[in-house]
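Reading the structure
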Amino acid sequence: MIDRSTPALGDLFQDIILEHYRRPRNKGALQDATVNVHMNNPTCGDEVHLHLVVEEGVVRDVAFEGEGCSISQSSISMMTQMLKGQPVEEGLRLAERFKEMMHGDADAAKDKALRDARALAGVSKFPTRVKCALLGWDAFEEAVERQG
Ligand code: ZN
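Rules used throughout
For every chain, the first residue of the written sequence is number 1, and numbering continues from 1 onward in sequence order. Under the rules for a predicted model, residues below a pLDDT of 70 receive no local features and side-chain atom pairs below 80 are neither given nor counted, while totals for whole chains, interfaces and linings still include all residues. To obtain the side-chain values, all non-hydrogen atoms of the structure were included, while hydrogens and water were left out. Sites may look incomplete, because water is not among the atoms used; the donor set itself consists of N, O and S atoms within 2.8 Å of the metal (3.2 Å for Na, K and Ca). For helices the rule is a DSSP run of H or I covering at least 4 residues; for strands it is a run of E covering at least 2, with both sets numbered from the N terminus onward. Accessible area is worked out with a 1.4 Å probe on protein chains only. A residue is then buried under 20% of its type maximum, exposed over 50%, and partly exposed in between. Helix span, expected: 1.5 Å multiplied by one less than the number of residues in the helix. The criterion used for residue contact is that any of the two residues' heavy atoms lie within 4.5 Å. Strand pairing is assigned whenever DSSP detects at least two bridges linking the two strands. Between the N-to-C directions of two axes lies an angle of 0 to 180 degrees, each axis being a line fitted to C-alpha atoms and, for a helix, fitted only over the stretch in contact. Two rings belonging to Phe, Tyr or Trp (six-membered ring only in the last case) form a pair when the distance between their centres is within 6.5 Å. Interplanar angles under 30 degrees mark stacking, angles over 60 mark edge-to-face geometry, and anything in between is tilted.

Regarding the coordination of the zinc ion
Only Cys44 (SG), Asp46 (OD), Asp46 (OD), Cys69 (SG) and Cys132 (SG) from the protein reach the zinc ion as donors, at distances of 2.1 to 2.7 Å. Each donor residue of the zinc ion belongs to the same chain, and together they define the spacing C-x1-D-x22-C-x62-C. On the criterion of sequence distance, the pair formed by Cys44 in the loop between strand S1 (35-41) and strand S2 (46-55) and Cys132 in helix H5 (residues 127-147) is long-range, its members being 88 residues apart. Note on Cys44: relative accessible area 5%, which makes it buried.

As C-alpha cells, then:
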C-alpha cells in the first residue's frame, strides 16, 4: 500500500512543504540542458526528471519535471532554489548537508544554507520517507557524475 500522506512535522513546516508542493519552483523542461537525469523511488512511486545547465563548474540553470508525494516534490523544488547559480562544488556540499539532516544531525537542521529545506528535518524520524526527501539530491549527484 502506498502512503502518500505527509507525516506530522508541525504546522509551520507542513505549510512550507505544501506550499512548494502546490507551487513548485523551477518546474518544467529546459531546452538547453547540458545534463538530464531520470530517477525514481519505487517504494513510494516518486519520480523526477532533473535538467541542468552546467557551465564552467557552475549550475547556470536548473529545472525539473516529476510527480510523487509531497515530500519528494517539495524537496526537489527547494533543492532547485538552492542550486541555481551555485558552483557545482557548493551544490555537492549542500547535498551532503541535506543528507546529514536526513540522518538526524541537529546542526545540519539549523544550517541556514539549507533554506526552506530545513522544513524537511522532521522527515528523518520517518525512515520510510527519507528516500522521498533524498530523491532530488540523488539525481543531482548523479547529474554531476555524468557531467564529469
Ligand atoms: Zn514519496
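Brief notes about helix H3 (residues 88-102)
With 15 residues, H3 extends 21 Å between its outermost C-alpha atoms, agreeing within 8% with the 21 Å of an ideal straight helix rising 1.5 Å per residue. When we look at burial in H3, the residues that qualify are Val88, Gly91, Leu94, Ala95, Arg97, Phe98, Lys99, Met101 and Met102. On its buried face, H3 is in contact with S2, strand S3 (58-67), helix H2 (70-83), helix H4 (106-109) and H5. Where H3 ends, the next residue or the one after it, Gly104, has phi of about 90°, a positive value.

Some remarks on the sheet that holds S2
Strand order in this open sheet of 3 strands is S1-S2-S3, and the pairing throughout is antiparallel. The open sheet has two edge strands, S1 and S3, and neither has a second partner. Adjacent strand axes in the sheet meet at a mean angle of 20°, parallel and antiparallel pairs treated alike. Strand direction decides the pairing type here: S2 and S3, joined by 9 bridges, are antiparallel. Bridge pairing in S3 links Leu52 to Val62.

Some words on the packing of aromatic side chains
Taken as a whole and assessed by the stated rule, the structure comprises 2 aromatic pairs. Each member of the aromatic cluster is reached from another via a ring pair, and the members are Phe98, Trp137 and Phe140.

Topic: the side chain of Ser74
Positionally, Ser74 belongs in helix H2. Here Ser74 falls in the buried class, since its relative accessible area comes to 0%. Not counting residues within four places of it along the chain, the set of residues in contact with Ser74 comprises Ile17, His20, Tyr21 and Leu120.

Brief notes about the environment of Met101
Here Met101 is to be found in helix H3. Under the relative-accessibility criterion, Met101 is labelled buried at 1%. With sequence-adjacent residues up to four places away left out, Met101 is seen in contact with Ala108, Ala109, Leu114, Ala117, Arg118, Leu120, Ala121 and Ser124.

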